[in-house]
Amino acid sequence: MTAAGQRGDLVVGIDPLRDGQLALAWATDEAHRRRLPLRLVVAVPPLREAQLVDDTPRHRAQTRAGTEALRIATDRARARHPDVSIGSDLLDGAPATVVSGLAQEAAMIVLGSRHLSRTEEFLSAGSLVVPVTAQARCPVVVVGDSEHSTQDSPYLVVGVDGSEPSRCALALAFEEADLRRCGLRAVAVWQPPVFFRHTDGASFQAERRMLAETTAGWSERYPDIRITHEVLVGSPVEMLAEAAEHALAVVVGRRGRGGYMGMRLGSVVHGLLHRAHCPVITVPGS
């Protein structure tokens, strides 16, 4: 089994309220690279019960908007890669619940980022990124709303901390680099204690050993991938975001599933979703 899995479709959450062309383009290209079927999904919140005002007109309007959004997205995806098999579904239910359910059997989920505030993440019915990322059993890709620049020699960044989820992230990062024929920067971040001024301590050296041991063997498996190893000093979120400033994507592992309302994410993953300009790929532990 590959890091992204051999099951299911590559699912794209389509937001009728936003254009979402970048996320759709990213997903269509990825489906083409992986030879996966592409599934476009719009979820329409159900009719609200026990209301004084009839909710039917709102529901009908959202259904029409969702149908039109799927038509436009399908046409764009077909024009980009005519060889990709494309399906579309208009599903009834809360968007986060619907897409999280699909994520249990999908090969990969791709979402556009609405850059909601942390309060809006919990209160907005349209918020997908945090709950889906927190609960999905497959890799989840969050693509920003604006283009970001890449360097002449394209590369991916993968965060490595020695954990089982980061090993899964490393596996997917090598697979992605191989599919894209690009370089890979394996980055570990050491956050020294307060007032610690040197980088030659035992903890820093242990971080370097961990990075070397975790990545050992991958170059033999993927001999054509140019990989660099770096131990950076500082905040993990800031250092990874800075390293990925001109990257094609940053790949990180994710621990656990869900939490209160399915909204629990590790601080590094959550921080990168807000801070990184490139697509963020999160990979759950197996």
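That block above? That's the structure.
Read on for a plain summary of the structure. (Residues numbered from 1 in each chain as written. Predicted model: local features only at pLDDT ≥ 70, side-chain atom pairs only at ≥ 80, totals over all residues. Heavy atoms only, no water.)

Because the α-helix completes a turn every 3.6 residues, residues three or four places apart line up on one side. The terminal C-alpha atoms of helix H1 (residues 21–34), which comprises 14 residues, lie 20 Å apart, in line with the 20 Å expected from a rise of 1.5 Å per residue. Judged by how many residues are buried, H1 sits mostly within the fold: ten of 14 residues are covered. Every buried residue of H1 is accounted for by Ala23, Leu24, Ala25, Trp26, Ala27, Thr28, Asp29, Glu30, Ala31 and Arg34. At the C-terminal side of H1, Arg35 shows a positive phi close to 55°. (Helix = DSSP H or I, 4+ residues; strand = E, 2+ residues; numbered from the N terminus. Expected span 1.5 Å × (residues − 1). Buried < 20%, exposed > 50% of the residue type's maximum accessible area, 1.4 Å probe, protein only.)

With their axes 10 Å apart at the nearest point, H1 and helix H2 (residues 56–80) run at an angle of 45° to one another. As the angle between them shows, H1 and H2 are arranged oblique. Viewed along their axes, H1 and H2 form a crossing whose handedness is right-handed. Across the interface between the two elements, Gln21, Leu24, Ala25, Thr28 and Asp29 of H1 pack against Ala73, Arg76, Ala77 and Arg80 of H2. Taken together, the residues that form the contact of H1 with H2 break down as four nonpolar, two polar and three charged. (Axes fitted to C-alpha atoms, helices over the stretch in contact; angles between N-to-C directions. Parallel < 35°, antiparallel > 145°, perpendicular 65-115°, else oblique. Left-handed = near helix turned anticlockwise from the far one by under 90°. Contact = heavy atoms within 4.5 Å. Nonpolar A, V, L, I, M, F, W, Y, C, P; charged D, E, K, R; others polar.)

Evaluated as defined, the whole model comprises three aromatic pairs. Centroid distance Trp218 to Tyr222: 6.2 Å. Interplanar angle 20°. Geometry classified as stacked. Here the aromatic residues Phe174, Trp218 and Tyr222 are joined through ring pairs into a cluster of three or more. (Phe/Tyr/Trp six-rings, centres within 6.5 Å; stacked < 30°, edge-to-face > 60°.)

In this section: the sheet that holds strand S7 (residues 183–190). Backbone hydrogen bonds hold the strands of a sheet together, and the pairing may be parallel or antiparallel. Strand order in this open sheet of ten strands is S3-S2-S1-S4-S5-S10-S9-S6-S7-S8, and the pairing throughout is mixed. One side of each edge strand has no neighbouring strand; the edge strands of this open sheet are strand S3 (86–92) and strand S8 (227–233). Shown here is a sheet whose adjacent strand axes are inclined to one another by a mean of 25°, direction ignored. Examined bridge by bridge, strand S6 (residues 155–159) and S7 share five bridges and lie parallel to one another. By the bridge assignment, Leu156 is partnered in S7 with Leu184. Lying over the sheet, H1 contacts strand S1 (10–13), strand S2 (38–44), strand S4 (108–112), strand S5 (140–143) and strand S10 (280–284), oriented at roughly 160° with respect to S4. (Pairing = 2+ DSSP bridges.)

Another aspect to go through is the pattern of salt bridges. Taken as a whole, this structure holds 13 salt bridges when the rule is applied. The salt bridge partner of Glu176 is Arg180, with a shortest N-O separation of 2.9 Å. Note that Glu176 and Arg180 are positioned in helix H6 (residues 164–180) at a spacing of four residues, about one turn of the helix. Comparing Glu176 with Arg180, the two get one shared label, buried. Within this structure, Glu30, Arg33, Arg34, Glu175, Glu176 and Arg180 form a network of salt bridges that share partners. (Salt bridge = Lys/Arg side-chain N within 4 Å of Asp/Glu carboxyl O.)

Take H6 next. Here H6 is 17 residues long and its end C-alpha atoms lie 24 Å apart, about the 24 Å a rise of 1.5 Å per residue gives. In terms of burial, H6 is a largely internal element, 13 of the 17 residues being buried. Count one or two residues on from H6 and you reach Arg181, which has phi positive near 55°.

The next subject is the side chain of Arg34. Mapped onto the fold, Arg34 is located in helix H1. Note on Arg34: relative accessible area 14%, which makes it buried. Side-chain polar atoms of Arg34 contact the side chain of Glu176, separated by 2.9 Å. (Polar contact = N/O pair within 3.5 Å; in protein donor to acceptor, adjacent residues only side chain to side chain.)

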